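Descriptive structure summary
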Amino acid sequence: MPKAALIVMPSSYHKMTSQNKSTIAQIFKQHDYTVKWAPHAQTCEKAFGILDNEKAQDLHQAFAQQPDIIMALRGGYGSERLLPKLNWGKIKKSKSLFVGCSDTTVFQNAYLAKTGKASITGMIATFLINNTYSKTTKNFFQLLSGQDVDLKKFSTLAPGHATGTVIGGNLSCFITLIGTPYMPKLKGKILLLEEVHEAPFRVDRMLTHLKTAGVFDQINGVILGTFHECVHPKENEDIEVHQVLKNFFANFKIPVITDIPYGHSPQHICLPLGTKAIIDTQKNILHIDAPSKKR
């Protein structure tokens, strides 16, 4: 019997043609999934907040229907607005696996905090219609099938060994959870971070915010994905973002690894949130359990 995938729109709108929808359905069909769309997943939102109630309703219905996968249409903006409107007790009862990236970072970490459930970050429905993300799509279905993440190609900014549950995602979205009831407990966690289109000084500012909030004092390790097109708008004042990261994480007492191909760059990989990870810089190991081991 085919498994089910349901597309929702917790963040921004993206117009889908009938051909786009057909392409998505065909890709899922190749992996023995049928596709359905939430009632408001294709409703254009002209102003912030207009569809908040409808989006929340779609999420409640989606989790109640318990498809195998609930996938965000795209990132952008808006999922944080939904958090107070959601019945997390009802959502917790669902066995569905949520999939998203970028703006859904706030929902996925709240989802982990409120339900203890894992999700997949790095995939949205719009990626499925873009050949730029063909490798991402392949990797997504491998992860979905139960394949763990094992990477040996990365750079080390601070050495060490750590285990812990993965939290995080997009940096600018994740920091908005500080001081809210939707931030996962930090003690013993491994923080995953990536960013896109932010000037290096803004990246440093956000990392400093995490530091002054005491985040790095509680977690066990840091995984840095891509910081895609994070350049200064004025070329003559440029400082490369990799130097910002190198300077910021110098002398950290917990392991910090970078150059993981996760984020907004083309052909990136998908990663689990909410499952156990192991970092060992001496043995050059990054292992993250597949979401199927947490569900």
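Note that the structure is a prediction, hence the values are computed from the model and not measured. For every chain, the first residue of the written sequence is number 1, and numbering continues from 1 onward in sequence order. Local features are withheld for residues below a pLDDT of 70 in this predicted model, meaning they are given only at 70 or higher, and side-chain atom pairs are given and counted only at 80 or more; totals for whole chains, interfaces and linings count all residues. Side-chain measures here rest on the full set of heavy atoms in the structure, leaving out hydrogens and waters.

Both faces of the sheet carry side chains from a regular strand, because those side chains alternate between them. A simple rule labels every residue: compare its accessible area, found with a 1.4 Å probe on the protein chains alone, to the largest value its type can have, and call it buried under 20%, exposed over 50%, or partly exposed in between. Secondary structure follows DSSP: runs of H or I at least 4 residues long count as helices, runs of E at least 2 residues long count as strands, and numbering of each begins at the N terminus. Most of strand S9 (residues 189-196) is tucked away, with 8 of its 8 residues classed as buried. Of the two faces of S9, the one holding Lys 189, Leu 191, Leu 193 and Glu 195 and the one holding Ile 190, Leu 192, Glu 194 and Val 196 are both buried throughout. Pairing analysis gives 6 bridges linking strand S8 (residues 161-170) to S9, with the strands arranged parallel. Note on S9: the bridge partner recorded for Thr 165 is Lys 189. The criterion for strand pairing is that DSSP finds at least two bridges linking the strands in question. Sheet topology places S9 next to strand S10 (residues 221-228); 6 bridges connect them, and they run parallel. Across the sheet, residue Leu 192 finds its bridge partner in S10, namely Ile 223.

What follows is about the packing of aromatic side chains. Aromatic contacts are taken between Phe, Tyr and Trp rings whose centres are within 6.5 Å, Trp giving its six-membered ring; a plane angle under 30 degrees counts as stacked, one over 60 as edge-to-face, and the others as tilted. Enumeration according to the criterion identifies 18 aromatic pairs in this entry. Geometrically, the ring pair formed by Phe 63 and Phe 107 is tilted, given 6.3 Å between the ring centres and 35 degrees between the ring planes. Of this pair, Phe 63 sits in helix H2 (residues 52-65) while Phe 107 sits in helix H5 (residues 105-115); the two residues are 44 residues apart in sequence, bridging distant segments of the chain. Pair check on accessibility: Phe 63 and Phe 107 agree, each one buried. Summarising the aromatic geometry, the rings of Phe 249 and Phe 252 are spaced 5.0 Å apart at their centres and angled 65 degrees between planes, so their arrangement reads as edge-to-face.

Both faces of strand S3 (residues 69-72) are covered, namely the face carrying Ile 69 and Met 71 and the face carrying Ile 70 and Ala 72. Sheet topology note: the strand S1 (residues 3-8)/S3 ladder contains 4 bridges and is parallel. Residue pairing in the sheet places Leu 6 in a bridge with Ile 70 of S3. Sheet analysis places S3 next to strand S4 (residues 97-100), joined by 3 bridges and oriented parallel. Residue pairing across strands places Ile 69 opposite Leu 97, the latter belonging to S4.

A few words now on the sheet that holds S3. Strand order in the open sheet made by the 6 strands is S2-S1-S3-S4-S5-S12, with mixed pairing throughout. Strand pairing shows two members of the sheet lacking a second neighbour, strand S2 (33-37) and strand S12 (271-273), which therefore form its edges. This sheet shows a mean twist of 25 degrees between the axes of neighbouring strands, independent of strand direction. Taken together, the 5 bridges between S1 and S2 define a ladder with parallel strand orientation. Following the sheet pairing, Ala 4 is matched in S2 by Thr 34. Two residues qualify as a contact provided that any one of their heavy atoms is within 4.5 Å of a heavy atom in the partner residue. For helices, the fitted axis covers only the stretch in contact; all axes are lines through C-alpha atoms, and the angles between them, taken along N-to-C directions, range from 0 to 180 degrees. Packing of H2 onto the sheet brings it into contact with S1, S3 and S4, and relative to S1 it is tilted by some 175 degrees.

Everything listed here is a matter of geometry and, on its own, says nothing about what the molecule does.
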